[in-house]
Amino acid sequence: DIQMTQSPASLSASLEEIVTITCQASQDIGNWLSWYQQKPGKSPQLLIYGATSLADGVPSRFSGSRSGTQYSLKISRLQVEDIGIYYCLQAYSAPDTFGAGTKLELK
Amino acid sequence: EVQLVESGGGLVQPGRSLKLSCAASGFTFSNYGMAWVCQAPTKGLEWVASISTGGGNTYYRDSVKGRFTISRDNAKNTLYLQMDSLRSEDTATYYCARRDGYYHYFDYWGQGVMVTVSS
């Protein structure tokens, strides 16, 4: 199975700060990487697909990038509504595997 | 508007069965692969099973192979998860999700349904 190592596990940041979350794939997964945000008590929501494409309705302060087998989610200017848990997902080969999650809090 | 509405969850004893349903609307259901994703209390997300557009291809995580069956009825726009021989470790919120056909990301999710396996 492909392992997705997500870091950091938790992150405390200030409003307007730049935030970066990374996922390291254990093998090549191409662009079969997506990012999700989950707020407390809610379903996950798609942010980024194809490693770098912004999902419909997602603010442009979110962006995704790829360098080899390392993938990053960047929030350019943190807003209060961005608080939650973020997950990456690889769907290159079954079983699909999620990262362990990054809990983002306000400092 | 795309909507996915799960039902069928509840409290069940170990070894018993439960069948989850996911009613889809707002899109052509038969054009999309679908999946179930679960989340144990206070834990992260785990993919459970996926099914192709016509239902002919199904995929499962190892821990549920032989116990869970994913299926769909395209005439009823409904996805199912038959859960047999339930174990305490199956306790989780189960989400149905629509799956993109190329990059296989999940672009729409249901609200989730809780399954509790306990005696």
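Data block above holds the structure.
The following refers to the structure shown. All figures in this text were calculated on a predicted structure; none of them were measured in a lab. (Residues numbered from 1 in each chain as written. Chains lettered and ligands numbered in written order. Predicted model: local features only at pLDDT ≥ 70, side-chain atom pairs only at ≥ 80, totals over all residues. Heavy atoms only, no water.)

### Considering the overall build of chain A
Phase 1 of the analysis: Scanning chain A from terminus to terminus reveals 0 helices and 11 strands.
Phase 2 of the analysis: When its helices and strands are written in sequence order, chain A yields β-β-β-β-β-β-β-β-β-β-β.
Phase 3 of the analysis: Computed over C-alpha atoms, the radius of gyration of chain A comes to 13 Å, within 12% of the 13 Å expected from 2.2 N^0.38 for 107 residues, which places it in the range of a compact globule.
Phase 4 of the analysis: Out of the 107 residues in chain A, the part that is buried amounts to 47%.
Phase 5 of the analysis: When contacts within chain A are restricted to residue pairs at least 6 apart in sequence, long-range pairs at least 24 apart make up 55% of them.
Phase 6 of the analysis: As displayed, chain A has an accessible area near 4,900 Å², and 47% of this comes from carbon and sulfur atoms.
Phase 7 of the analysis: Distance between charge centroids for chain A: 6 Å, based on 8 positive and 9 negative side chains. (Helix = DSSP H or I, 4+ residues; strand = E, 2+ residues; numbered from the N terminus. Rg over C-alpha atoms; globule rule 2.2 N^0.38 Å. Buried < 20%, exposed > 50% of the residue type's maximum accessible area, 1.4 Å probe, protein only. Contact = heavy atoms within 4.5 Å. Areas by Shrake-Rupley, 256 points an atom, 1.4 Å probe, with all protein chains shown as cover. Lys, Arg positive; Asp, Glu negative; His and termini not counted. Charge placed at Lys NZ, Arg CZ, Asp CG, Glu CD.)

### Quick notes on the sheet that holds strand β7 (residues 62-67) of chain A
Residue and element names in this part refer to chain A.
Phase 1 of the analysis: One open sheet holds the 4 strands; their spatial order is β1-β3-β8-β7, and the pairing between them is antiparallel. What marks the edges here is a single partner per strand, and that holds for β1 (4-7) and β7. Mean inter-strand twist for the sheet, computed between neighbouring axes without regard to direction, equals 20°.
Phase 2 of the analysis: Pairing between β1 and strand β3 (residues 19-25): 4 bridges, direction antiparallel. Bridged to S7 within β3 is T22. (Pairing = 2+ DSSP bridges. Axes fitted to C-alpha atoms, helices over the stretch in contact; angles between N-to-C directions.)

### What about the environment of V37 of chain B?
Phase 1 of the analysis: Checked against the element boundaries, V37 of chain B lands in strand β4 (residues 33-39).
Phase 2 of the analysis: As a C-alpha pair, V37 of chain B and W47 of chain B span 10 residues in sequence and 4.4 Å in three-dimensional space.
Phase 3 of the analysis: If sequence neighbours within four positions are ignored, V37 of chain B has contacts with F98 of chain A together with L45, E46, W47, V48, T93, Y94, Y95, F106 and W109 of chain B.

### Digging into the nonpolar core
Phase 1 of the analysis: Counting 37 residues, the largest nonpolar core has W35 and F98 of chain A together with F106 and W109 of chain B as its most contacted members.
Phase 2 of the analysis: L4, I51, Y60 and V117 of chain B belong to the second largest nonpolar core, which has 29 residues in total. (Core = buried A, V, L, I, M, F, W, Y, C linked by side-chain atoms within 4.5 Å.)

### Some points on a nonpolar patch on the surface
Phase 1 of the analysis: A surface patch of nonpolar side chains, about 260 Å² in accessible area, is lined by L15, V80 and L106 of chain A.
Phase 2 of the analysis: Summarising the element assignment, L15 of chain A is placed in the loop between β2 (10-13) and β3. (Patch = residues over 30% accessible without salt bridge, like charges linked within 9 Å, V, L, I, M, F, W, Y side chains within 5 Å. Salt bridge = Lys/Arg side-chain N within 4 Å of Asp/Glu carboxyl O.)

### What to know about the interface of chain B and chain A
Phase 1 of the analysis: Tallying the contact residues gives 19 residues for chain B and 17 residues for chain A.
Phase 2 of the analysis: Buried surface at the junction of chain B and chain A, both sides included, amounts to about 1,600 Å², of which 63% is carbon and sulfur.
Phase 3 of the analysis: Between chain B and chain A we count 1 salt bridge in total.
Phase 4 of the analysis: With a shortest N-O distance of 2.7 Å, R99 of chain B and D96 of chain A are connected by a salt bridge.
Phase 5 of the analysis: Looking at the side of chain B that touches chain A, the elements with two or more residues in it are β4, β5 (45-51), β9 (92-99) and β10 (106-109) of chain B.
Phase 6 of the analysis: Here the side of chain B that touches chain A is built from residues that sort into 9 nonpolar, 6 polar and 4 charged. (Buried area = accessible area lost by both parts, 1.4 Å probe. Nonpolar A, V, L, I, M, F, W, Y, C, P; charged D, E, K, R; others polar.)

### Looking at the side chain of D100 of chain B
Residues and elements named next belong to chain B.
Phase 1 of the analysis: Here D100 is to be found in the loop between β9 and β10.
Phase 2 of the analysis: Despite its burial, D100 pairs with no opposite charge; the closest candidate is R98, at 7.2 Å N-O.
Phase 3 of the analysis: Only 2.9 Å separates the side chain of D100 from the backbone nitrogen of Y102, close enough to count as a polar contact. (Polar contact = N/O pair within 3.5 Å; in protein donor to acceptor, adjacent residues only side chain to side chain.)

These figures come from the coordinates and say nothing about function on their own.
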